[in-house]
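# Structure at a glance
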Amino acid sequence: MPKNTNIKSVLIIGSGPIIIGQACEFDYSGSQAIRSLKEEGIEVTLINSNPATIMTDPSLADNVYLKPLTTKSIVEILKKHPNIDAVLPTMGGQTALNLCIEAQDKGIWEDFEINIIGVDIAAINITEDREQFRKLMIEIGVGQAPSTTASSFLKGKEIAQEYGFPLVIRPSFTLGGYGASIVYDQKDFDDLLSRGLEASPIHEVIIDKALIGWKEYELELLRDDNDNVVIICTIENMDPMGIHTGDSITVAPAMTLSDVTFQKMRDLAIKMMRSIGDFAGGCNVQFAVSPDEKEEIIAIEINPRVSRSSALASKATGYPIAKIAAKLALGYHLDELNNQITKTTSALFEPTLDYVIVKIPRWNFDKFEGSNRTVGLQMKSVGEVMGIGRSFQEALHKATQSLEIKRNGLGADGKGETSYDIIVEKLANPSWDRVFVIYDAIQIGIPLSRIHEITKIDMWFLKQYEELLALEREISTYKLESLTYDLLLEAKQKGFADRQIAHMLGCWESEVYNKRKSLGIHRVYKLVDTCAAEFDAKTPYYYSTFENKMTVAKSTFADNESVVTNKKKVIVLGSGPNRIGQGIEFDYCCVHGVLAAKEAGYETIMINCNPETVSTDFDTADKLYFEPVFWEHIYDIIQHEKPEGVIVQLGGQTALKLAEKLDKYGIKIIGTSFKALDLAEDRGHFSELLVDLKIPFPKYATATTADEALAIADDLDFPILVRPSYVLGGQGMKIVINKEELEKHVVDLLRKIPNNILLLDHYLDGAIEAEADAICDGEDVYIIGIMEHIEPCGVHSGDSNATLPPFNLGEFVMQQIKDHTKKIALALETVGLINIQFAIKDDIVYIIEANPRASRTVPFIAKAYQEPYVNYATKVMLGVNKVKDFTFNPKLEGFAIKQPVFSFNKFPNVNKKLGPEMKSTGESILFIDSLKDDQFYELYSRRKMYLSK
């Protein structure tokens, strides 16, 4: 039993809507904590306003409150649940900590006799108040950069005069580096100081002498009540100081530290954790190390909570940090808990890695026109990917293949930059694509010493790049027939994809695939086991690699640790890295799909590369392959596992894009067929279907050149909505009002997405937009929800405030929506989920588009109506159930409003107007009893304010 037997009921504070700097890694940690506490028989109550995440699913916590994260909501919950004994605020990022402090200041925890567990307020205050933290570090002998706190503009100017430039300005009490900046020049100082003072809730900044070019490291620690401390993971930033860790390419274990400095850093981290307070739980410590022989160590900061890197460290090591941290908060000691992967060793054992992981952030600058695309102290990425390999080179390649930015890995795809000036500019002002630009720089002949001088990236990493390029050049001198076994094996061991090797050899990807198969060069799968195979792991969590063959007892083979069972199995394709337009809501769908398939008696296999989410937790699916959602990797897993089929309709556009390949290779797609998925995307064929069904749609045409688009404009009439096909989140969509705008946008789109078929629709100005989600089994259709958008047609559905049920669509319009939805679902032979979007003008319901897959709104509707719709839909896809087998009983009094949340504050000079291209990073849910609610009035009155053409 837990040491503290007085704790029977715990409140967990979530992190709210996804924003840049605080994303779904905290929902992952929170979900783990909920499960961990419930294992101990503790009642768990959760407050979180995010409907898109699995964390707020009723299947997790005992009581879920989808309420605004305010002290008012906390008081309401505590009054309703007087039995709550403690609050765990460390799983919800900065949002949860700030709310916990506010409740403490207002005396709420004291009033309700609530204990704070997992951290103490004093520790939070010390770590957030940079001056206090600095004094404490100096007191305990931990190095600090020269810095001073300023709480006024005048004081800031004095400090700058004393230190000289470059300087770093960091606001107190902000997340994701919000408001922070490096100031290289006096002329920029006044503006950036003002911005920093405004960004801090207490209008205070700390001004540091900049440690530009120093190396940066992070350590993840856990401590128990007995003062045992374990270091779970040491992460090295490939990028030097000056780039936020959330925007850095990171590597584990640390690659370029001497053992002496590594040990010293460990000792300092433990000392720091002990100095800030006497609490049990998780901690993240960041250090800077001088890039010379001295390896001087300076502490940057310490976070006494589960951090953004905790999810990454958990996935990198297989050690579930949040799960263990939750148990430590109850009073358990580390030596009393088991390692969850081996099930036999103690949680006091520090993980050992016999592989390398590389994390690369995923940005969405294309959504913020005119934004500064350089990366620095303020975090700008919206997601991340992780690659696991036997070497840094293999892991780096797998991470780049996971990004889904139309690159096949490093180099060898014909998409590298060749201009010397552009390359040097991107290295000098760190660009989002610098992971590729380093390769391009070496390729055009810039010496490593010069690249190091510009970027300050350690020479060890640069030499790894140089080796990859040397191998590419060597292979390029061969033809497919003459390529040797050894060279091909080396290329695969270093992570080059078949299609990259095909590019080097001037042949087809399939030819390279066939050649390596004929030579017996096969992927093998290795366990992520936390202990470098010292003990048996009980959890099937795998990554792929290529090994030299060994001969044992006259048998020659490469060791494969993934044992295939005889059970009927199904693969669920994940949604890859978070991005605007495809976020955590698809991970919610994947997790529910996996759980439903388990219930239906299938062995479930998950393929995904996103370290921030619950779908890549080691015990969500029966088997997890932490691999790129990239054709070559998926096909090899399918060949190895031989599943009954693959579910593609839960993982957003990422999984859907692979449906054509699966179909071509004769692999069964579970649920709606590729033919139907493709028909919905092919505007011409889909429109023909609508004509046959006598369903109206806006006048449209397709174009592949600017000339065609201009000719079409005469017939369509302006305004015209222009959009590329096969994209998600309204990428590249724009409303144009004249031929000049049309030509400019079409040329721009075809440059960014060559050979795309562009769709041109007559834009129904002033129309109301609505959407419906439904489950279909090919015979019956059940509409799970119809939502009306508060903003007019023209604002992307993901950026619209939307109400469930609709608030002013008449019966005649609602009947048309229902009829159209059922007709289209059946005509597309949908098996599973479908989402249809409508424009309503003069009481006529027009079809905008149909997506026979899980949509962004499914989790929202499931939470609002308290029904497990993805579970039902998955069982329909698998053929286990028909729609009529389920008893639908939606529960919602009043209305639920989906409210988008934006991260524009990361891009201060960007146009904030809304249009057909999605820009929101997350959403919250608001429940109102009636349309007379003040909040609804406010939303409705502002509905046209941000509409842009």
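Quick caveat, the model's predicted, so the values are computed rather than measured.

### Here's the deal with the overall build of the chain
Of regular secondary structure, the chain possesses 31 helices and 35 strands. Computed over C-alpha atoms, the radius of gyration of the chain comes to 27 Å, within 12% of the 30 Å expected from 2.2 N^0.38 for 949 residues, which places it in the range of a compact globule. For the chain, the spread of C-alpha atoms along the principal axes amounts to about 80 × 75 × 60 Å. Across the 949 residues in the chain, those meeting the buried criterion constitute 65%.

### Observations concerning the side chain of H244
Inspection of the secondary structure assignment puts H244 in the loop between strand 11 (229–237) and strand 12 (250–252). Within the structure, H244 has its side chain in polar contact with the backbone nitrogen of G246 (distance 2.8 Å).

### Some words on the environment of T352
Tracing the sequence through the fold places T352 in the loop between helix 11 (321–329) and strand 15 (356–362). Since its relative accessible area comes to 39%, T352 is described here as partly exposed. On a C-alpha basis, the gap between T352 and G30 in space is 25 Å, while along the polypeptide they are 322 residues apart.

### Focus on the packing of helix 24 (residues 674–681) against helix 25 (residues 683–692)
Relative to each other, helix 24 and helix 25 sit at 95°, their axes nearing to 5 Å. Between helix 24 and helix 25, the interaxial angle falls into the category roughly perpendicular. Across the interface between the two elements, L679, A680 and E681 from helix 24 touch R683, H685, F686 and L689 from helix 25. Partitioning the contact of helix 24 with helix 25 into residue classes produces four nonpolar, one polar and two charged.

### Here we look at the sheet that holds strand 6 (residues 147–150)
Strand order in the open sheet formed by four strands is 6-9-7-8, with antiparallel pairing between adjacent strands. At either margin of the open sheet sits one strand with a lone partner, and together these are strand 6 and strand 8 (181–183). If you compare each strand with its neighbour and ignore which way they point, the axes differ by 25° on average. Helix 6 (residues 130–139) contacts strand 6, strand 7 (167–171) and strand 9 (205–209) of the sheet and is inclined by roughly 150° relative to strand 6. Lying on the sheet, helix 8 (residues 186–199) is in contact with strand 6, strand 7, strand 8 and strand 9; it crosses strand 7 at an angle near 20°.

### So, the nonpolar core
One finds I12, L88, L573 and V648 to be the most contacted residues of the largest nonpolar core, which totals 173 residues. Setting aside chain neighbours within four positions, we find L88 in contact with V10, L11, I12, I13, A33, L37, I117, G118, A326 and A329.

### Looking at the sheet that holds strand 11
Reading across the sheet, the seven strands line up as 14-13-10-11-12-15-16 and stay open at both edges, with antiparallel pairing between neighbours. Looking at strand neighbours, the two that pair on one side only are strand 14 (297–303) and strand 16 (383–389), the edges of this open sheet. The average angle at which neighbouring strand axes cross in this sheet is 25°, direction not considered. Both strand 15 and strand 16 contribute to a ladder of seven bridges, which runs antiparallel.

### Remarks on helix 16 (residues 459–475)
Relative to the 24 Å expected for 17 residues at 1.5 Å per residue, helix 16 spans 24 Å between its end C-alpha atoms, a close match to the ideal helical length. Buried within helix 16 we find F461, L462, Q464, Y465, L468, L469, L471, E472 and I475. For helix 16, the side-chain oxygen to backbone nitrogen distance between the N-cap and W460 is 2.8 Å, and the N-cap itself is D458.

### Overview of the pairing of strand 25 (residues 700–703)
Here strand 25 shows a buried face lined by A701 and A703 and an unburied face lined by Y700 and T702. Both strand 25 and strand 28 (residues 758–762) contribute to a ladder of four bridges, which runs antiparallel. Paired with T702 across the two strands is L759, which belongs to strand 28.

### Quick word on the state of the cysteines
Scanning all chains against the criterion turns up zero disulfides. Take C24: it sits in no disulfide, and the sulfur closest to it among the cysteines is that of C609, at 12 Å. Among the cysteines around C233, which has no disulfide bond, C283 carries the closest sulfur, lying 15 Å off.

### Comments concerning the pattern of salt bridges
The full count for this structure, using the stated rule, is 50 salt bridges. Among the ionic pairs, K752 bridges to D748, the shortest N-O distance being 3.2 Å. Placement of both K752 and D748 in helix 27 (residues 739–752) is noted, with a separation of four residues, approximately one turn of the helix. Taking the relative accessible area as the measure of exposure, D748 reaches 23% and is therefore partly exposed. Through salt bridges with shared partners, a single network forms among K492, D498, R516, K517, R523, E632 and D636.

### Some remarks on the packing of aromatic side chains
Tallying each qualifying case throughout the model produces 25 aromatic pairs. Centroid distance Y872 to F886: 4.2 Å. Interplanar angle 20°. Geometry classified as stacked. Of this pair, Y872 sits in helix 30 (residues 869–877) while F886 is found in the loop between helix 30 and strand 34 (895–901), placing the two residues 14 residues apart along the sequence. Residue classification places F886 among the buried residues on the basis of a relative accessible area of 15%. Among the aromatic residues, ring-to-ring pairing joins F365, F368, F902, F904 and F907 into one connected group. A cation over a ring is seen here: K568 above Y602, with NZ or CZ 4.3 Å from the ring centre.

### Topic: unusual backbone geometry
The omega angle of the peptide bond from A252 to P253 is -5°, so this bond is cis rather than trans. In this model, L804 is joined to P805 through a cis peptide bond whose omega is -10°. Tracing the backbone through its elements, the reader meets P805 in the loop between strand 31 (802–804) and helix 28 (811–827). The backbone phi angle of A412 is positive, close to 55°, even though this residue is not glycine. Mapped onto the elements, A412 comes out in the loop between helix 12 (392–402) and helix 13 (420–428).

### Here we look at the packing of helix 26 (residues 706–716) against helix 27
The geometry of a pair of packed helices is captured by two quantities: the angle between their axes and the separation between those axes. Where helix 26 contacts helix 27, the two axes come as close as 9 Å, and the packing angle between them is 145°. Handedness of the helix 26/helix 27 crossing: right-handed. The segment helix 26 lies against helix 27, with A706, A709, L710, A713 and D714 engaging K739, L742, E743, V746, V747 and L750. Residues that form the contact of helix 26 with helix 27 fall into these classes: eight nonpolar, no polar and three charged.

### A short note on a negative patch on the surface
There is a patch of like negative charges on the surface, built from D707, E708, E740, E741 and E743. Elements represented by at least two residues in the negative patch include exactly helix 26 and helix 27. The leading source of residues in the negative patch is helix 27, at three residues. When you line up the elements, E741 lands in helix 27.

### Regarding the side chain of R723
Note on placement: R723 falls in strand 26 (residues 720–724). Exposure remark for R723: the relative accessible area of 4% places this residue in the buried category. Setting aside chain neighbours within four positions, we find R723 in contact with R683, M733, I757, L758, L759, D761, I848 and E849.

### With respect to a nonpolar patch on the surface
On the surface, a nonpolar cluster with roughly 230 Å² of combined accessible area is contributed by M550, V552 and F557. Position of M550 among the secondary structure elements: in strand 19 (residues 550–552).

### Re helix 29 (residues 858–865)
Counting buried positions along helix 29 yields eight of eight residues, so the element is predominantly enclosed. Of the positions making up helix 29, those classed as buried are V858, P859, F860, I861, A862, K863, A864 and Y865.

### What to know about the environment of T704
Counting through the fold element by element, T704 comes out in the loop between strand 25 and helix 26. Assessed through its relative accessible area of 39%, T704 is described here as partly exposed. C-alpha separation for the pair T704 and L750, spaced 46 residues apart in sequence, amounts to 8.0 Å. The residues touching T704, leaving out its near neighbours within four places in the chain, are L750, N756 and I757.

How each quantity is defined
- Residues numbered from 1 in each chain as written.
- Predicted model: local features only at pLDDT ≥ 70, side-chain atom pairs only at ≥ 80, totals over all residues.
- Heavy atoms only, no water.
- Helix = DSSP H or I, 4+ residues; strand = E, 2+ residues; numbered from the N terminus.
- Rg over C-alpha atoms; globule rule 2.2 N^0.38 Å.
- Buried < 20%, exposed > 50% of the residue type's maximum accessible area, 1.4 Å probe, protein only.
- Polar contact = N/O pair within 3.5 Å; in protein donor to acceptor, adjacent residues only side chain to side chain.
- Axes fitted to C-alpha atoms, helices over the stretch in contact; angles between N-to-C directions.
- Parallel < 35°, antiparallel > 145°, perpendicular 65-115°, else oblique.
- Contact = heavy atoms within 4.5 Å.
- Nonpolar A, V, L, I, M, F, W, Y, C, P; charged D, E, K, R; others polar.
- Pairing = 2+ DSSP bridges.
- Core = buried A, V, L, I, M, F, W, Y, C linked by side-chain atoms within 4.5 Å.
- Expected span 1.5 Å × (residues − 1).
- Disulfide = S-S within 2.5 Å.
- Salt bridge = Lys/Arg side-chain N within 4 Å of Asp/Glu carboxyl O.
- Phe/Tyr/Trp six-rings, centres within 6.5 Å; stacked < 30°, edge-to-face > 60°.
- Lys NZ or Arg CZ within 6 Å of the ring centre and 35° of its normal.
- Left-handed = near helix turned anticlockwise from the far one by under 90°.
- Patch = residues over 30% accessible without salt bridge, like charges linked within 9 Å, V, L, I, M, F, W, Y side chains within 5 Å.
- Areas by Shrake-Rupley, 256 points an atom, 1.4 Å probe, with all protein chains shown as cover.
- Lys, Arg positive; Asp, Glu negative; His and termini not counted.
- Charge placed at Lys NZ, Arg CZ, Asp CG, Glu CD.

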